[in-house]
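# Descriptive analysis of the structure
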Amino acid sequence: MAKSVKVKGSVRNTEADTLSDAIVKAWEGAALEDKILSAVVQKIAALSKSLTTAIKRDKVLSGLDEADAARDELIRTLGTMLSGYAVVPVEGIKQAAETLLKVFNKYGKSITAEAYGRESSLIESMLEDFGAESLSESIASLTGVSDVLSQLRAAETAFKEATAEYVKSGNAVGESATAIKKQLVAAINTNLVPYLDSALSVDSSYESFADEVFGHIERANAATVSAKKAADSSESASSTESA
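Cut-offs used in this document
Residues numbered from 1 in each chain as written. Predicted model: local features only at pLDDT ≥ 70, side-chain atom pairs only at ≥ 80, totals over all residues. Heavy atoms only, no water. Helix = DSSP H or I, 4+ residues; strand = E, 2+ residues; numbered from the N terminus. Buried < 20%, exposed > 50% of the residue type's maximum accessible area, 1.4 Å probe, protein only. Salt bridge = Lys/Arg side-chain N within 4 Å of Asp/Glu carboxyl O. Core = buried A, V, L, I, M, F, W, Y, C linked by side-chain atoms within 4.5 Å. Phe/Tyr/Trp six-rings, centres within 6.5 Å; stacked < 30°, edge-to-face > 60°. pLDDT = per-residue confidence, 0-100. Contact = heavy atoms within 4.5 Å.

## Quick look at the environment of Ser208
Mapped onto the fold, Ser208 is located in helix H8 (residues 207–242). Judged by its relative accessible area of 53%, Ser208 falls in the exposed class. Separated by 177 residues in sequence, Ser208 and Ala31 place their C-alpha atoms 9.3 Å apart.

Following this line, the structure appears as structure tokens:
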């Protein structure tokens, strides 16, 4: 018989999700008639479903944040580039940069602090301004500016695609994956494990199910320890390289 064990609080969200799915599956295959235990597993199943949804939502939100960061960096790069060209003591370059800088300064780097939707509107407007035929010669005369503008257009398109995926996922409605994981771990540690310990002390028919549950918990805990060791090793290697 497997030894009683509880889930580590540091278990990763994905590991907790996998663990809860395994527990529910084990219960579905168990030949047990226990209304109390059934209710406990149903609670775990509900939390597991919520956790799966939250993990997907958090992943989509992370992608949206990354897409926003990419366009923000390009806006800052464009502003810095034009400001640099504007102080070059070569008349043709200086004049072209000053012309383009007037357009950029209508928006400025500060648009990166705007709300997502507002920033998108401003970026579209800025790109439209830079697309004016009268500016094509100035853009062409400054190495790299055309490339940055093209990259900004691509980044804005990528952001809109990420936004569409975010909306499709149901936005940020609901608790975070980490908050739900904590509830799930608590349900397993304070409801399921103690109940199984109690049941095992008086009825051996619970052994098979308990063995499966404890085995799954041990695997989840082992995966958590391995992940932490890998992260610590990577951090140590990075510190050594930068030293």
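From this point on, the discussion continues.
## Quick look at the pattern of salt bridges
Throughout the structure, instances matching the rule amount to nine salt bridges. A salt bridge links Glu15 to Arg12; its shortest N-O distance comes to 2.9 Å. Overall, the relative accessible area of 19% leaves Glu15 in the buried class. Note on Arg12: relative accessible area 40%, which makes it partly exposed. Taking the shortest distance from any N to any O, the salt bridge between Glu124 and Lys160 comes out at 2.5 Å. Taken as a pair, Glu124 in helix H4 (residues 116–130) and Lys160 in helix H6 (residues 145–168) lie far apart in primary sequence, 36 residues in all. Its relative accessible area of 22% is what places Glu124 among the partly exposed residues. What emerges from the salt-bridge pattern is a single network uniting Asp68, Arg71, Glu119 and Glu156.

## Notes on the nonpolar core
Counting residues in hydrophobic clusters, the biggest one holds 35 residues, and the most contacted among them are Ile188, Leu192, Leu196, Phe209, Phe214 and Ile217. The element best represented in this core is helix H7 (residues 177–200), accounting for 11 residues. Counting residues in each nonpolar core, the second largest holds 27 residues, with Leu74, Leu78, Phe104 and Leu135 among its members.

## Considering the packing of aromatic side chains
Tallied over the full model, the rule gives two aromatic pairs. Between Trp27 and Phe209 the ring centres are 5.4 Å apart and the planes differ by 70 degrees, which places this aromatic pair in the edge-to-face class. Here Trp27, found in helix H1 (residues 13–28), pairs with Phe209, found in helix H8; they are 182 residues apart in sequence, far enough to count as distant. The residues Trp27 and Phe209 share a single accessibility class, namely buried. Centre to centre, the rings of Tyr116 and Phe159 are 5.2 Å apart; their planes meet at 75 degrees, and the pair counts as edge-to-face.

## Remarks on the confidence of the model for the protein
Here the protein averages 89 in pLDDT, and 91% of its residues register 70 or above. Helix H5 (residues 136–141) holds the highest mean pLDDT among the elements of the protein, 96, whereas H8 holds the lowest, 77. Across residues 236–240, confidence stays below pLDDT 50; counting only partners more than four residues off in sequence or on other chains, it has zero contacts.

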